[in-house]
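One-letter residues, chain by chain:
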Amino acid sequence: MKPISLIQFLIEERRAGHINAELTLLIEVVARACKRIAVATNKGAIGGVLGEAGTGNIQGEAQKKLDVISNEILLEANAWGGQLAACASEEMEDPQPIPDMYPKGNHLLLFDPLDGSSNIDVNISVGTIFSVLRCPDGITEPKAEHFLQPGTTQLAAGYVVYGPATVLVLTFGYGTHEFTLDREVGSFTLSRRDIRIPEDTAEFAINMSNQRHWEPPMQRYIGELLAGKDGPRSKDFNMRWVASMVADVHRIITRGGVFFYPLDAKIKSKGGKLRLMYEANPMSLIIEQAGGAATTGRERILELQPTGLHQRVPVFLGSKKEVEVATHYHLEADGARN
């Protein structure tokens, strides 16, 4: 069968009425920018992109050189295309308006330019996460509040993982699809259509070093997984933890599993570890469209009403039945406490 390119797939989605011409072009621009980030990532030490940039982002985290480079690539690529009203980055405090010299479109783009960047220097997979919203009617100069839309309103979400292969995973709310970058041709090619995540799994991803800080229901749930065949779950579980969300989620998209970043005593005052707008919402849409589930441990992530551009939330996502068990334990504990 003849390979289907990303642009061919986008045109098919447009003909099916799933996306409009503007969104088609926007995804093409984002994909092209991610190819440039892939090139920079692949060069490693010889490209002078490793190490600290000597700056901090809005969260007060030290930025890697490639964080800054990736952010600039995405901003530059999306400035002039005419599909956007504004964009927002995890690396910047405020949204970036489209320069007045360029035409403006009806979409808002949010992105985490290089997720898992602490892993760059040790050559572990990192990635880009993005989310597309519609700009509210009548708004010509979007501000932060115009981005604060629930995840259910996303028009598109995707991520690119820069690993042994560069892979784009994309959804428009009509299934989740995977494209692999053919480096010789220079274009993304459809490699898996309508991905489905198994409902059951025996694999989980979590940072076990935080165990002593977790809430009791999380302690209970992970304790049962660790007890294996001899415990109440009556089966053995494997643990995997890359500490790069894109890589951990891509493993789930590939073979099932669950990913947890629960609330703990260290991060409780912040509301969680991961950012709702840049990480949790796009990943939740991708996972749900592949038949999985995504909650905060207490409620569906996509239904949350955002309160801030850099809001943080706990994240439980992946194979449906395990997410449901962990969420049930938290709700049960809340009920007992009340």
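Keep in mind that this is a model prediction, so the values were computed, not measured.

Quick notes on the rules
- Residues numbered from 1 in each chain as written.
- Predicted model: local features only at pLDDT ≥ 70, side-chain atom pairs only at ≥ 80, totals over all residues.
- Heavy atoms only, no water.
- Buried < 20%, exposed > 50% of the residue type's maximum accessible area, 1.4 Å probe, protein only.
- Helix = DSSP H or I, 4+ residues; strand = E, 2+ residues; numbered from the N terminus.
- Pairing = 2+ DSSP bridges.
- Expected span 1.5 Å × (residues − 1).
- Polar contact = N/O pair within 3.5 Å; in protein donor to acceptor, adjacent residues only side chain to side chain.
- Disulfide = S-S within 2.5 Å.
- Salt bridge = Lys/Arg side-chain N within 4 Å of Asp/Glu carboxyl O.
- Contact = heavy atoms within 4.5 Å.
- Axes fitted to C-alpha atoms, helices over the stretch in contact; angles between N-to-C directions.

(A) Summary view of the pairing of strand 8 (residues 166-171). Here strand 8 lies mainly inside the structure; 6 of its 6 residues are buried. Alternating residues of strand 8 divide into Thr-166, Leu-168 and Leu-170 and Val-167, Val-169 and Thr-171, and every residue in both groups is buried. Taken together, the 6 bridges between strand 7 (residues 156-162) and strand 8 define a ladder with antiparallel strand orientation. Residue pairing across strands places Val-160 opposite Leu-168, the latter belonging to strand 8. Linking two consecutive strands that pair antiparallel, namely strand 7 and strand 8, is a turn of 3 residues. Here strand 8 pairs with strand 9 (residues 176-182) via 5 bridges, running antiparallel. Its bridge partner being in strand 9, Thr-171 is matched across the sheet by Thr-176. Counting the residues in the hairpin turn of strand 8 and strand 9 gives 4 residues, including Gly-173, whose phi is positive at 90°.

(B) How the structure looks around helix 2 (residues 21-43). Its 23 residues place the ends of helix 2 34 Å apart at the C-alpha level, agreeing with the 33 Å of an ideal helix rising 1.5 Å per residue. Between the side-chain oxygen at the start of helix 2 and the backbone nitrogen of Glu-22 there is a gap of 3.2 Å, and the oxygen is on Asn-20.

(C) Broad picture of the state of the cysteines. Scanning the entire structure with this criterion turns up 0 disulfides. Summary of cysteine pairing: Cys-135 is not part of a disulfide, and the nearest cysteine sulfur, belonging to Cys-87, is at 12 Å. We classify Cys-135 as buried; its relative accessible area is 6%.

(D) Representation of the pattern of salt bridges in the model. Tallying each qualifying case throughout the model produces 17 salt bridges. A salt bridge links Arg-193 to Glu-12, with the nearest nitrogen and oxygen atoms 3.7 Å apart. A residue pair is termed long-range when its members are at least 10 positions apart, and Arg-193 in the loop between strand 10 (187-192) and strand 11 (203-205) and Glu-12 in helix 1 (residues 6-15) qualify at 181 residues. Overall, Arg-193 belongs to the partly exposed group, its relative accessible area being 39%. Lys-104 is paired through a salt bridge with Asp-100; the nearest N and O atoms lie 3.9 Å apart. On the basis of relative accessible area, Lys-104 is assigned to the partly exposed category, the value being 32%. Its relative accessible area of 68% is what places Asp-100 among the exposed residues. Each of the salt bridges in this network shares a partner with another, and the network as a whole consists of Glu-203, Asp-248, Arg-251 and Arg-255.

(E) Focus on the sheet that holds strand 8. What the 8 strands build is an open sheet, ordered 4-3-5-6-7-8-9-10; its pairing is mixed. The sheet is open, and its two borders are formed by strand 4 (96-97) and strand 10, each paired with just one other strand. Sheet strands touched by helix 3 (residues 65-79): strand 3 (84-89), strand 4, strand 5 (107-115) and strand 6 (126-134). Its angle to strand 5, the strand with the most contacts, is close to 160°.

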